[in-house]
Amino acid sequence: MADQDHMAITVTAADLLDGRADPARAYVAKVAAFDPDTARPDNWPDHLALWAEHTRKGN
């Protein structure tokens, strides 16, 4: 196959969100406060949206 038959596709966190996620409902946690035994947040799309927002701004 020719090279043009293989196109790279970039998928970002923002591409995975459906518009209902709200980064204002998420928070940035400190690694030092991470507890692996704590249940994950139910609003993980909000946290993904916050991460995408920070990534887009170059933070």
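It should be emphasised that the depicted structure is a prediction, and the values quoted were computed from it without experimental measurement.

Visitor: Is there a simple way to explain the overall build of the protein in this structure?
Guide: Tallying secondary structure elements over the protein gives one helix and zero strands in all. Per-residue burial over the protein gives 15% buried out of 59 residues. In the form shown here, the protein has an accessible surface area of approximately 5400 Å², with 56% of it arising from carbon and sulfur atoms.

Visitor: Hey, could you run me through the side chain of His47 in this one?
Guide: Checked against the element boundaries, His47 lands in helix α1 (residues 44–56). Excluding residues that lie within four positions of it along the chain, His47 makes contacts with Ala26, Tyr27 and Pro41.

Visitor: Help me understand a nonpolar patch on the surface in this model?
Guide: Residues Ile9, Val11 and Leu16 make up a contiguous nonpolar surface patch of about 360 Å² in total accessible area. Residue placement: Leu16 occurs in the segment before α1. Overall, the relative accessible area of 61% leaves Leu16 in the exposed class.

Visitor: Is there a simple way to think about α1 in this case?
Guide: Side chains that are three or four residues apart share a direction in an α-helix, a result of its 3.6 residues per turn. Across its 13 residues, α1 extends 18 Å between first and last C-alpha, which sits within 8% of the 18 Å expected from 1.5 Å per residue. Buried residues of α1: Asp46, His47, Leu48, Ala49, Leu50 and Ala52, and no others.

Visitor: Even after reading the chapter, I still don't get the pattern of salt bridges, so can you show me in this structure?
Guide: Should the charged atoms of two oppositely charged side chains come close, the side chains can pair. This model, assessed by the stated rule, comprises two salt bridges. Note that Arg25 is salt-bridged to Asp46, the shortest N-O span being 3.0 Å. In this pair, Arg25 sits in the segment before α1 while Asp46 sits in helix α1, placing the two residues 21 residues apart along the sequence. Taking relative accessible area as the criterion, Asp46 reaches 5% and is therefore assigned buried.

Visitor: When you look at the side chain of Asp46 in this model, what are you seeing that I'm missing?
Guide: Within the structure, Asp46 has its side chain in polar contact with the side chain of Arg25 (distance 3.0 Å). In this view, Asp46 contacts Arg20, Ala21, Asp22, Pro23, Arg25 and Ala26; residues no more than four positions away in its chain are not counted.

What counts and how
Residues numbered from 1 in each chain as written. Predicted model: local features only at pLDDT ≥ 70, side-chain atom pairs only at ≥ 80, totals over all residues. Heavy atoms only, no water. Helix = DSSP H or I, 4+ residues; strand = E, 2+ residues; numbered from the N terminus. Buried < 20%, exposed > 50% of the residue type's maximum accessible area, 1.4 Å probe, protein only. Areas by Shrake-Rupley, 256 points an atom, 1.4 Å probe, with all protein chains shown as cover. Contact = heavy atoms within 4.5 Å. Patch = residues over 30% accessible without salt bridge, like charges linked within 9 Å, V, L, I, M, F, W, Y side chains within 5 Å. Salt bridge = Lys/Arg side-chain N within 4 Å of Asp/Glu carboxyl O. Expected span 1.5 Å × (residues − 1). Polar contact = N/O pair within 3.5 Å; in protein donor to acceptor, adjacent residues only side chain to side chain.

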